[in-house]
Amino acid sequence: MIVYFKNKAEKAIIIEFGNDKIRINGGKQIKIDSETNRMSFNCFLDETSTFKYLPLTKSVIVEYDFVLNALYDLIFNSDVCEINLEVKQVKGMNLDCYRFIDLQISDGNVYKKEFFVNDEITVKKQLYAAQQREDKLEKKLKIADIFQSICYIGIPAIIIFLGVWYYLGLLTAICILIPLTIVGITAGLIIKKVINKFSNKLDKLNSKFEKNTNKYVDINSFFDKSYISSVLFVS
């Protein structure tokens, strides 16, 4: 039987039949002879996965753009069949975006299909490197936040202390500053405790919701076949 593969996309598509690899440019087609009415192959865009970073950083990723490799197992119902190859894009709920080759058969059915990230090994290395840079950036931001708190609280307190000392004396300044400091620290701890309780409740609700609606666990989920399928066929 004869099968025509037509690339309906503008970009090149790679088809793999076992060890044989065929490139189909955008808008072109190829003809394949098959001895049976069943055919298995892999297909994917001739591109690599990419990431979009937060401006001015090379650590905080705001979008994961993955290129999938699709495995199709087809059954044909006639001696001549056409397969149209199209690029489809689906976005998940975790800043992830998957691009893969979808197909339409003129006279046949898809018996089986699977999807996985085509350049998984390379992408994982890039992700782990970005995560390490993000951890370092987070530490720097925490240090900056401490200095910012010192500037917002410490400097005004010093100015007030010096002012009271100048006009009313050192003992009066100490007597005023110490109670204010105790009250300020106590109020800050109470507010922080309330905020943490509220945040914990929200986290529990969100985690409960995500368990029911989303299979995402961490960045390793991006490469899990079950998670990929949940994004492609549920989103």
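Residues numbered from 1 in each chain as written. Predicted model: local features only at pLDDT ≥ 70, side-chain atom pairs only at ≥ 80, totals over all residues. Heavy atoms only, no water.

A. Structural view of the overall build of the protein chain. From N to C terminus, the protein chain includes three helices and 10 strands. For the protein chain, the N- to C-terminal ordering of α and β elements is β-β-β-β-β-β-β-β-β-β-α-α-α. Evaluated residue by residue, the protein chain yields a buried proportion of 29% over its 235 residues. For the protein chain, restricting intrachain contacts to residue pairs at least 6 apart in sequence, the fraction spanning at least 24 positions comes to 68%. Surface accessibility of the protein chain: about 15700 Å² in total, with carbon and sulfur atoms responsible for 59%. (Helix = DSSP H or I, 4+ residues; strand = E, 2+ residues; numbered from the N terminus. Buried < 20%, exposed > 50% of the residue type's maximum accessible area, 1.4 Å probe, protein only. Contact = heavy atoms within 4.5 Å. Areas by Shrake-Rupley, 256 points an atom, 1.4 Å probe, with all protein chains shown as cover.)

B. Structural context of the packing of aromatic side chains. Going through the model one piece at a time under the given rule, you end up with 17 aromatic pairs. Relative to Phe222, the ring of Tyr64 has its centre 4.6 Å away and its plane inclined at 40°; by these criteria the two rings are tilted. On the criterion of sequence distance, the pair formed by Tyr64 in strand E7 (residues 61-76) and Phe222 in the loop between helix H2 (170-213) and helix H3 (225-234) is long-range, its members being 158 residues apart. Of the two residues examined, Tyr64 and Phe222, each falls in the buried class. Centroid distance Phe66 to Phe222: 5.4 Å. Interplanar angle 45°. Geometry classified as tilted. Here Phe222 lies in the loop between H2 and H3 and Phe66 lies in strand E7, a separation of 156 residues in the sequence. Looking at Phe66, the relative accessible area reads 0%, which means it is buried. Across from the ring centre of Tyr111, 4.1 Å away, lies the NZ or CZ of Arg38, which sits over that ring. For the cation-ring pair, Lys124 lies above Phe223, with the distance from its terminal atom to the ring centre recorded as 5.2 Å. (Phe/Tyr/Trp six-rings, centres within 6.5 Å; stacked < 30°, edge-to-face > 60°. Lys NZ or Arg CZ within 6 Å of the ring centre and 35° of its normal.)

C. Broad picture of the environment of Lys112. Turning to its location among the elements, Lys112 is positioned in strand E10 (residues 108-117). Residues Lys112 and Leu71, 41 residues apart in the sequence, show an inter-C-alpha distance of 7.9 Å. Excluding residues within four positions of it along the chain, Lys112 makes contact with Leu71, Tyr72 and Asp73.

D. Inspection of the pairing of strand E5 (residues 38-45) at higher detail. Counting buried residues in E5 gives six out of eight residues, a clear majority hidden from the surface. Where E5 and E7 come together, six bridges link them in antiparallel fashion. Bridge pairing in E7 links Met39 to Leu74. (Pairing = 2+ DSSP bridges.)

E. Quick peek at the pairing of strand E2 (residues 13-17). Burial analysis of E2 places five of its five residues in the buried class, the great majority of the element. The alternating pattern of E2 places Ile13, Ile15 and Phe17 and Ile14 and Glu16 on opposite faces, both of which are buried. Pairing of E2 with strand E3 (residues 20-24) involves five bridges; the strand directions are antiparallel. When the bridges of E3 are listed, Ile14 appears paired with Arg23. The hairpin turn running from E2 into E3, its antiparallel successor, is two residues long, and Gly18 in that turn takes a positive phi close to 65°.

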